[in-house]
Amino acid sequence: MRIAIISDIHANLEALEASLEKLSEENIDLFVSLGDIVGYGVDPNKCAEIVREKFQVSLLGNHDFAALGRLDISYFNPYAKNSVKWTEEKLTEVNKEYLENLKMFHKEDNLYYVHSTPCKPEDWNYIFTIHDARVNFECFEEKVCFIGHSHQPVFIMKNQKNEIFVKNESELQIEDEFRYIINVGSIGQPRDGNPKSSFAVYDTDERLIILHRITYDIEKTQKKMVEAKIHPFLVDRIANGR
Ligand code: ZN
């Protein structure tokens, strides 16, 4: 079985379409979205419609929750706050209802999927340190946990001696002695210094995870953002990958 796992589309239609075009050559059996379909970008409805049609597993992100007026956004930065209001006004009732019904996490075939962290996903915490990783490995039992949220792809692995290893590579062979937390990065707003869209494909027969990076028409997306009067910080950000 081949599973595509994507996250943090953030209403970036050009990035989503380019990623799906690449995935159309990949013989995918299961499409998984880890959330933050909307927020920051200018195409929340089109992105929500594509995910509704194409993705068998679709989870809730904090920006999806915020766009429904359901999240305390006092801790959001000012750009994110404005974007939440903008998105809330633009979203159709059908898409709001879709976001409203998204699940927080999903378990299937010894795999665990969640937007933020396996421990208390509703707190929207991040896994940034070895300590964060160690704590979160205790909160799921499956072999591999796929996450998004930080917009920074990374492979984290723990062996039976409780040692943690972090890898910033594009390929990972799954081995018996380890369990894994895999951050698949972001489709629409990467923040690891590389503006290319990031997502993962897991081949469960080969036991191989490939992290793909895909170019898309960033200038076209930026032009649409400028026309929609989105703050320049957010417009620049997608080209900087920060
Ligand atoms: Zn996000």
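Structure shown above.
This report concerns the structure included in the present document. All of these numbers come straight from a predicted model, not from anything done at the bench. (Residues numbered from 1 in each chain as written. Predicted model: local features only at pLDDT ≥ 70, side-chain atom pairs only at ≥ 80, totals over all residues. Heavy atoms only, no water.)

### Side note on the overall build of the protein
Here's step 1: Within the protein one finds 8 helices and 12 strands.
Here's step 2: The C-alpha radius of gyration computed for the protein amounts to 17 Å, which stays within 12% of the reference 18 Å derived for 242 residues, consistent with globular compactness.
Here's step 3: Once the C-alpha set of the protein is aligned to its principal axes, its extents read approximately 50 × 40 × 30 Å.
Here's step 4: Across the 242 residues in the protein, those meeting the buried criterion constitute 58%.
Here's step 5: For the protein, restricting intrachain contacts to residue pairs at least 6 apart in sequence, the fraction spanning at least 24 positions comes to 70%.
Here's step 6: Carbon and sulfur atoms form 46% of the exposed surface of the protein, whose accessible area is close to 11,100 Å².
Here's step 7: Charged side chains in the protein number 29 positive and 40 negative. The centres of these two groups are separated by 4 Å. (Helix = DSSP H or I, 4+ residues; strand = E, 2+ residues; numbered from the N terminus. Rg over C-alpha atoms; globule rule 2.2 N^0.38 Å. Buried < 20%, exposed > 50% of the residue type's maximum accessible area, 1.4 Å probe, protein only. Contact = heavy atoms within 4.5 Å. Areas by Shrake-Rupley, 256 points an atom, 1.4 Å probe, with all protein chains shown as cover. Lys, Arg positive; Asp, Glu negative; His and termini not counted. Charge placed at Lys NZ, Arg CZ, Asp CG, Glu CD.)

### A short note on the side chain of S7
Here's step 1: By the secondary structure assignment, S7 is in the loop between strand 1 (2-6) and helix 1 (13-23).
Here's step 2: Given the relative accessible area of 0%, S7 is considered buried.
Here's step 3: A distance of 2.6 Å separates the side chain of S7 from the side chain of D8, its partner in a polar contact.
Here's step 4: Residues within four places of S7 in sequence aside, it is in contact with L34, G35, H115, G148, H149, V184, G185, S186 and I187. (Polar contact = N/O pair within 3.5 Å; in protein donor to acceptor, adjacent residues only side chain to side chain.)

### Points about the environment of E100
Here's step 1: With respect to the secondary-structure elements, E100 resides in helix 5 (residues 93-100).
Here's step 2: Residue E100 is classed as partly exposed on the basis of its relative accessible area of 39%.
Here's step 3: Expressed as a C-alpha distance, the spacing of E100 and H115, which sit 15 residues apart in the sequence, is 15 Å.
Here's step 4: If we ignore the near neighbours within four places in the chain, the residues touching E100 are L68 and R70.

### So, the coordination of the zinc ion
Here's step 1: Distances from the zinc ion to its protein donors, D8 (OD), H10 (NE2), D36 (OD) and H151 (NE2), fall at 2.0 to 2.3 Å.
Here's step 2: Along the chain, the residues that donate to the zinc ion are spaced as D-x1-H-x25-D-x114-H. One end of the pair, H10, is in the loop between strand 1 and helix 1; the other, D36, is in the loop between strand 2 (30-33) and helix 2 (44-54), with 26 residues separating them in the sequence.
Here's step 3: A relative accessible area of 1% places D36 in the buried class. (Donors = N, O, S within 2.8 Å, 3.2 Å for Na, K, Ca; no water.)

### Section: the environment of D43
Here's step 1: In this structure, D43 sits in the loop between strand 2 and helix 2.
Here's step 2: Judged by relative accessible area, which is 10%, D43 ranks as buried.
Here's step 3: For D43 and F137, which are 94 residues apart along the polypeptide, the C-alpha to C-alpha distance reads 35 Å.
Here's step 4: With residues up to four places along the chain from it excluded, the contact list for D43 reads A11, L13, E14 and K224.

### Digging into helix 8 (residues 232-240)
Here's step 1: Listed as buried for helix 8 are L234, V235, R237 and I238. Axial view of helix 8: buried residues confined to an arc of 160°, hence all on one face.
Here's step 2: The secondary structure elements touched by the buried residues of helix 8 are helix 4 (78-90) and helix 7 (218-227).
Here's step 3: Downstream of helix 8 by one or two residues, G241 has phi in the positive range, about 70°. (Arc of directions from axis to C-beta.)

### Some words on the packing of helix 7 against helix 8
Here's step 1: Two numbers describe how helix 7 lies on helix 8: the axes approach to 9 Å, and their chain directions differ by 175°. In terms of axis orientation, helix 7 runs roughly antiparallel to helix 8. For the pair helix 7 and helix 8, the contacting residues are I218, T221, Q222, M225 and V226 in the first and L234, V235, D236, I238 and A239 in the second.
Here's step 2: For the contact of helix 7 with helix 8, the class distribution of residues is 7 nonpolar, 2 polar and 1 charged. (Axes fitted to C-alpha atoms, helices over the stretch in contact; angles between N-to-C directions. Parallel < 35°, antiparallel > 145°, perpendicular 65-115°, else oblique. Nonpolar A, V, L, I, M, F, W, Y, C, P; charged D, E, K, R; others polar.)

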